[in-house]
Amino acid sequence: AIIGLELNDNNLIGEIPPEIGKLNLTLLSLKYNCIFGTLPNEIGNMRSLQQLELEFNGLSGTLPDEMASLTNLVKLNLSEQYFNNWACTSSGGTVVNTMFVQ
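Caption draft 1: Summary view of the sheet that holds strand β3 (residues 27–29). The 4 strands lie next to each other as β1-β3-β5-β7, forming an open sheet whose pairing is parallel. Edge positions in the open sheet fall to β1 (4–6) and β7 (75–77), since each of these has one partner strand only. Averaged over all pairs of adjacent strands, the angle between strand axes in this sheet comes to 5°, irrespective of strand direction. As paired elements, β3 and strand β5 (residues 51–53) share 3 bridges and run parallel to each other. Bridging across to β5, leucine 27 finds its partner in glutamine 51.

Set out below in structure tokens:
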């Protein structure tokens, strides 16, 4: 079983889909990409999550209340967000239209 997902510095562009909550991970790291929008409420379903690393992206808004369910979380990094996606639109990254999680 996969317990960690690291897709750092892959020029991914898009929002984190709500289906992310179906993953049973201890580590989710998507830093140094062009992830924008808000964190989906479903991220609170990732009860095994210990590390969430999303720094250097384009996230905005507020943290979902559902994140209070992440009682195993010991590391959360949301630093250095590029608001308005200014760094992403000029870099020519890979656009993620759909992400399927089963």
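The discussion continues.
Caption draft 2: Examining the pattern of salt bridges more closely. According to the stated counting rule, one finds 3 salt bridges in the structure shown. A salt bridge links lysine 75 to glutamate 53; its shortest N-O distance comes to 3.1 Å. Of the two residues, lysine 75 is situated in strand β7 and glutamate 53 in strand β5; the sequence distance between them amounts to 22 residues. Overall, glutamate 53 belongs to the buried group, its relative accessible area being 6%. Salt bridges sharing partners connect three or more residues here, namely Lys31, Glu53, Glu55 and Lys75.

Cut-offs and rules
- Residues numbered from 1 in each chain as written.
- Predicted model: local features only at pLDDT ≥ 70, side-chain atom pairs only at ≥ 80, totals over all residues.
- Heavy atoms only, no water.
- Pairing = 2+ DSSP bridges.
- Helix = DSSP H or I, 4+ residues; strand = E, 2+ residues; numbered from the N terminus.
- Axes fitted to C-alpha atoms, helices over the stretch in contact; angles between N-to-C directions.
- Salt bridge = Lys/Arg side-chain N within 4 Å of Asp/Glu carboxyl O.
- Buried < 20%, exposed > 50% of the residue type's maximum accessible area, 1.4 Å probe, protein only.

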